[in-house]
Protein chains: 2
Amino acid sequence: MEYEQLKLDNQLCFRLYTAARLTMGAYHPYLDPLGITYPQYLVLLVLWEQDKQPVNDIAHKLLLETNTVTPLLQRMEKAGLVKRTKGKEDTRQRIVSLTKKGIEMREQAKHIPECLSDEIIQITGEEEEFVRMIPSLDKLIEGLKKQQTNQ
Amino acid sequence: MEYEQLKLDNQLCFRLYTAARLTMGAYHPYLDPLGITYPQYLVLLVLWEQDKQPVNDIAHKLLLETNTVTPLLQRMEKAGLVKRTKGKEDTRQRIVSLTKKGIEMREQAKHIPECLSDEIIQITGEEEEFVRMIPSLDKLIEGLKKQQTNQ
DNA sequence: CAAATTTATATCGTTCACGATGCAAAAGTA
DNA sequence: TACTTTTGCATCGTGAACGATATAAATTTG
């Protein structure tokens, strides 16, 4: 069948696309009570690990463009989670730092990863299978990242 | 470290989220010349396999909500790729069918899956590793789907 | 040092993605 | 048959994601 490939290959990309959407959905019960979204949670994770970072560093760690991260941070600032101040050495930079509310949310979010792990294990029976997927995903991400920046 | 988990678990979800975005990005060079987006390409794949389907069937196959698919189809209709007609048996339904342009695009898109496979192989060295990921992703998707509809 | 280039962020426009809500048609129930 | 519920789709509002473009500050170059 000439068009058989059209069905077949979407396998990987379509599944990644779907799995990503559904796992993000699995965060909803935990993030909704905190009033944050999954991408906002990612920003908090980055800042909890190291406070006071310029927009660029945050974007780079999340592999997002700054024009995605800037509005995200603006919404988080409006929500009182972070504040954005001008950089002292390089005044082009905007240094993003956690507010009291942003710092305190760490405590409330402490159990989310554990809850989600448990949920995935409960849903799928075993954990190892998914732990094994991680290096493959990293390899794919690393390769695609290079592909898209170099050329 | 009390907060160690916060870093660790994002492993899976963050990687899925990132891998999905980047692989969708890898479609750009092939879809841009056709003037379609990745979700629109997915809709076309569904219709190429079987023409004339109600909105609901398309949404169900893509695991998307109808309120995502409806605007998507409206844009595709405006672009002249599909038309949407009222259902005859059930007049609530909107039957989506391919236009001449939509049918002809199949020929132009024929090689996309092959190109993408090649690219992934070239980027990452081997194919098997990613073929092996597919059943795991299916298991995850299936489980999360149940979780989110049942409760 | 002045001019050109790069860098850090912001803004704009378009397209998803989805919760909430609305509405009309179909299906089920009394 | 009248009434209630469900179903199929549409609309609205919000938050990503990102390409394109803008702007000011830093850096490089001549």
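Residues numbered from 1 in each chain as written. Chains lettered and ligands numbered in written order. Predicted model: local features only at pLDDT ≥ 70, side-chain atom pairs only at ≥ 80, totals over all residues. Heavy atoms only, no water.

So what exactly am I meant to see when it comes to the packing of helix H3 (residues 38-49) of chain B against helix H4 (residues 55-62) of chain B here?
A pair of packed helices is characterised by two quantities: the angle between their axes and the separation of those axes. Residue and element names in this part refer to chain B. Close contact between H3 and H4 brings their axes to 10 Å; oriented N to C, the two are set at 115°. When the axes of H3 and H4 are compared, the pair comes out roughly perpendicular. As H3 runs across H4, the sense of the crossing is right-handed. Contacts between H3 and H4 involve Leu42, Val43, Val46 and Leu47 from the first element and Ile58, Lys61 and Leu62 from the second. Residues of the contact of H3 with H4, tallied by class, amount to six nonpolar, no polar and one charged. (Axes fitted to C-alpha atoms, helices over the stretch in contact; angles between N-to-C directions. Helix = DSSP H or I, 4+ residues; strand = E, 2+ residues; numbered from the N terminus. Parallel < 35°, antiparallel > 145°, perpendicular 65-115°, else oblique. Left-handed = near helix turned anticlockwise from the far one by under 90°. Contact = heavy atoms within 4.5 Å. Nonpolar A, V, L, I, M, F, W, Y, C, P; charged D, E, K, R; others polar.)

Where do I start with the relation of the copies chain B and chain A in this structure?
Two copies of one chain are present, and they are related through a rotation about an axis combined with an axial shift. When chain B is fitted to chain A, the best match, at an RMSD of 0.0 Å, comes from turning it 180° and sliding it 0.0 Å along the axis. The transformation just described matches what one would write down for a two-fold rotation axis. Mapped onto chain A, 100% of the interface residues of chain B again fall at the interface, so both copies present the same surface. (Least-squares fit on C-alpha atoms with pLDDT ≥ 70 in both.)

Would you explain the protein's contact with DNA strand D in this entry?
Neighbouring DNA strand D are 25 residues, the closest being Gln40 and Arg75 of chain A together with Tyr17, Arg84 and Arg92 of chain B. Of everything in DNA strand D that lies within 4 Å of the protein, sugar and phosphate atoms constitute 74%. Contact between DNA strand D and asparagine 67 of chain A: a base nitrogen at 2.7 Å from a side-chain N or O atom of the residue. Within the side chain of tyrosine 17 of chain B, one N or O atom sits 2.5 Å away from a phosphate oxygen of DNA strand D. At the level of elements, helix H3 (38-49) and helix H5 (66-78) of chain A together with helix H2 (10-31), H4 and helix H5 (66-78) of chain B are the ones that each hand at least two residues to the surface near DNA strand D. (Near = heavy atom within 4 Å. Polar contact = N/O pair within 3.5 Å; in protein donor to acceptor, adjacent residues only side chain to side chain.)

Any chance you could explain the protein's contact with DNA strand C here in plain terms?
In the region of DNA strand C, 25 residues are neighbours, and Tyr17, Asn56, Arg84 and Arg92 of chain A together with Thr37 of chain B sit closest. Restricting attention to atoms of DNA strand C within 4 Å of the protein, one finds that 74% of them are sugar or phosphate atoms. Glutamine 74 of chain A is positioned such that a nitrogen or oxygen atom in its side chain is 3.0 Å from a phosphate oxygen of DNA strand C. Among the elements of the structure, helix H2 (10-31), helix H4 (55-62) and H5 of chain A together with H3 and H5 of chain B are those that each provide at least two residues to the surface near DNA strand C.

Looking at this model, I keep getting lost on the packing of aromatic side chains. Mind explaining?
Describing an aromatic ring pair means giving the distance of the ring centres and the angle of the ring planes. Within the structure shown, the criterion is met by 10 aromatic pairs over all chains. Measuring from ring centre to ring centre gives 5.7 Å for tyrosine 17 of chain A and tyrosine 38 of chain B, while their planes differ by 80°; the resulting arrangement is edge-to-face. Of this pair, tyrosine 17 of chain A sits in helix H2 while tyrosine 38 of chain B is found in helix H3, placing the two residues in two different chains. Considered together, tyrosine 17 of chain A and tyrosine 38 of chain B belong to a single accessibility category, that of buried residues. Aromatic side chains tyrosine 27 of chain B and tyrosine 38 of chain B sit 4.8 Å apart centroid to centroid with 50° between the ring planes, which places their arrangement in the tilted category. Here tyrosine 38 of chain B lies in helix H3 and tyrosine 27 of chain B lies in helix H2, a separation of 11 residues in the sequence. (Phe/Tyr/Trp six-rings, centres within 6.5 Å; stacked < 30°, edge-to-face > 60°. Buried < 20%, exposed > 50% of the residue type's maximum accessible area, 1.4 Å probe, protein only.)

Keep in mind these numbers describe shape, not what the thing actually does.
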